[in-house]
Structures are given as structure tokens and as C-alpha cells.
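Fold and contact review
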Amino acid sequence: MRIDIITVLPELLTSPFEASILKRAIEKGLVEVHTHNLRDFSTNNYKQIDDYQFGGGAGMVMMIEPIDKCISMLKSEREYDEIIYMTPDGTTLTQGIANELSLKENIIILCGHYKGVDQRVRDHFITREISIGDFVLSGGELAAAIVCDAVIRLIPGVLGNETSALTDSFQDNLLAPPIYTRPAEYKGWKVPEVLLSGNTAKIEAWREHEAQKHTAARRPDLLD
Ligand code: ADE
């Protein structure tokens, strides 16, 4: 998989890809992440990429031309399955969307800034708009990093068996059951007996029951 991120702040998109699972996925060649500084595609001497909005009003708008130039350059090199715009008024990210995106070959993620992008960018280039929640960030970069993290860990080979994504919360519309490790007793606080029993069928049944209980208590909407 290849992810191209278009941004005015590429420095916000370095460290997430330089540590842990995402770093290893890149090193293993399972994913490539490239950032593109939108200012490099500005058409004037001031490296301008935003302008006042027509009709008046506070806040600058990201101009269509640099974005078109950047997307066109990328599209001339390969075909893209999705061109995603990170925006608080997009579809809220879910595990289902992450699963879907993890199957794609090439995607572009455009990070919004200021008031957002000229609507014509959304109308003519963007295939999908994603929000990471009902709150407003100062730009789309951190949201894009979250999408990348959620997607990349699902690519086959990225997680080992010991960190399999199949048992994650949400993967089957259930929250994950409680988990424990050694010691079996700490300050008198005991690990549930069944987990020490070695009876895998009983353990599975207990986990399923706990996941149902936990989901009903915290996220009954997931059970609908
Ligand atoms: N840009 C600003 N806020 C955002 C959000 N909540 N999700 C995605 N992109 C954003």
C-alpha cells in the first residue's frame, strides 16, 4: 500500500511514522508513506496557498490550483483508489472504514487548514471525506496520522499473531473483554479463576460473555 499525504505542515507528520508498529511496517516494505508540501505547488512567488473567501467572512480558504497541481502530479505517476479529505464535516471514522481502506493499493490524503479548501476541490477531486470525531482540530494532519495508524496496522503482515487485529475492540462490533497478565494475585486482587483454568472453550465463553456485558454497559449503540 502507498499513502500520499498532501499538507502545509509536513513536520507534523514525521514522528508517527518513525516509531513502533508504523515504522516497522514501512521498514518491512508493507506500506510507503510520502508527504507533499503544498507550498511546493504554489504558483506565485509568495508560495501562497490560501486566499480570502469570496463573499467575505473571517478565515482563509485553501486555493484550488496548488492542490490540483499536486494531485495531478501524483495521478500522472499511478492510479489512486481514493482521494480522501480530512475534515470535521466528513464521515466519522470507524473500524469498518479502516478495514475498507486497508485493502486499497494507493490513496491520497489531503489535510485541510484554515477555514478549509475551496469547495471545487471537494466536488471534483475528493472521493471520500473523513472526520475523526465531533471536534475541530487546527488542521487535518493529526487526523490523517490517526487514519494512517488505524489502517496500516490492519495490513496483513504488519501485526504479528500476538497483536492480531482480529481481537480488537469494534472488530466484531463488540468492545474487547478485560485482559490480565502475571502475577495471578497482586495486593489480594485476583485474576478471574477461569483464565487460569487452561480450559480454552470455557475461556472463550467467558471472554464472549464479558465482551457482551462490557459493550452493553458502555456502548449499547453497538449492539443495535
Ligand atoms: N480537521 C479539523 N478537525 C478535524 C476532524 N475532527 N477530523 C478530521 N479532520 C479535521
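Residues numbered from 1 in each chain as written. Predicted model: local features only at pLDDT ≥ 70, side-chain atom pairs only at ≥ 80, totals over all residues. Heavy atoms only, no water.

**Quick notes on the overall build of the chain**
Rules: In this text, helices come from DSSP runs of H or I with a minimum length of four residues, and strands from runs of E with a minimum of two, each type numbered from the N-terminal end. Here the globule rule reads 2.2 Å times residues to the power 0.38, and the radius of gyration is calculated from C-alpha atoms. Whether a residue is buried, partly exposed or exposed follows from its accessible area with a 1.4 Å probe, protein chains only, as a fraction of its type maximum: under 20%, in between, or over 50%, in that order. Pairs of residues are marked as contacts when any of their non-hydrogen atoms sit within 4.5 Å. Surface exposure here means Shrake-Rupley accessible area, sampled with a 1.4 Å probe, where a residue is shielded only by the protein chains that are shown. All tallies of charge rest on Lys and Arg as positive and Asp and Glu as negative; His and the ends of each chain are not included. Here the site of a charge means NZ on Lys, CZ on Arg, CG on Asp, or CD on Glu.
Along its length, the chain carries six helices and nine strands. Computed over the C-alpha atoms, the radius of gyration of the chain is 22 Å, more than 25% above the 17 Å expected from 2.2 N^0.38 for a compact globule of 224 residues. Expressed as lengths along the three principal axes of its C-alpha atoms, the size of the chain is roughly 70 × 40 × 30 Å. Taking all 224 residues of the chain together, the buried fraction comes to 40%. Within the chain, contacts between residues separated by at least 24 positions form 75% of all contacts whose residues are at least 6 apart in sequence. About 13200 Å² of surface is accessible on the chain, with carbon and sulfur atoms providing 52% of the total. Taken as two groups, the 23 positive and 33 negative side-chain charges of the chain have centres that lie 6 Å from each other.

**Details of helix α3 (residues 95-102)**
Counted only if it meets this: Throughout, the arc means the angular range of directions from the helix axis out to the C-beta atoms.
Inspection of α3 places Gln-95, Ile-97, Ala-98, Leu-101 and Ser-102 among the buried residues, and these make up the whole buried set. End-on, the buried residues of α3 take up no more than an arc of 160°, which puts them together on one face. Contacts made by the buried residues of α3 are with β5 (82-92), β7 (128-131) and α5 (141-152).

**Quick word on the domain arrangement of the chain**
The following threshold applies: As annotated, the domain borders come from an automatic or database domain assignment.
Once the domains are mapped, the chain shows domain 1 (2-152) and domain 2 (172-223). Each of domain 1 and domain 2 has a C-alpha centre, and the two are 38 Å apart.

**Side note on a nonpolar patch on the surface**
The condition is simple: Patch definition: residues above 30% relative accessible area lacking any salt bridge, with like charges linked at up to 9 Å and the nonpolar side chains Val, Leu, Ile, Met, Phe, Trp and Tyr linked at up to 5 Å. Basic side-chain nitrogens of Lys or Arg form a salt bridge, by our definition, when they fall within 4 Å of a carboxyl oxygen of Asp or Glu.
Residues Leu-12, Phe-135, Leu-137 and Leu-142 make up a contiguous nonpolar surface patch of about 340 Å² in total accessible area. With respect to the element layout, Leu-12 can be found in the loop between β1 (2-7) and α1 (20-27).

**A short note on the layout of surface pockets**
Any empty space left between atoms is shown by rolling a water-sized probe over those atoms. What counts, and what does not: Both cavities and pockets are sets of points on a 1 Å grid over the protein atoms alone; in a cavity a 1.4 Å probe fits but cannot get out, in a pocket the set is open with protein on both sides within 12 Å along at least five of seven lines, and lining residues sit with an atom within 4 Å of a point. Grid points are joined across faces, edges and corners, and a volume is the space filled by probe spheres set on the points. Charged residues are taken to be Asp, Glu, Lys and Arg, nonpolar residues to be Ala, Val, Leu, Ile, Met, Phe, Trp, Tyr, Cys and Pro, and polar residues to be all remaining types, Gly included.
Taken as a whole, the largest pocket spans an internal volume of roughly 410 Å³. Lining the largest pocket are 14 residues, and of these Thr-167, Asp-168, Ala-176, Pro-177 and Arg-207 lie nearest its centre. Here the lining of the largest pocket is composed, by residue class, of eight nonpolar, one polar and five charged.

**A closer look at unusual backbone geometry**
Going from Arg-182 to Pro-183, the amide bond is cis rather than trans, its omega being 5°. Its location among the elements puts Pro-183 in the loop between α5 and β8 (185-186). One non-glycine residue, Ser-20, lies in the positive phi region at around 55°. Inspection of the secondary structure puts Ser-20 in helix α1. Despite not being glycine, Lys-47 shows a phi value in the positive range, around 55°. Examined against the element boundaries, Lys-47 turns out to sit in the loop between β2 (32-37) and β3 (50-52). A relative accessible area of 43% places Lys-47 in the partly exposed class.

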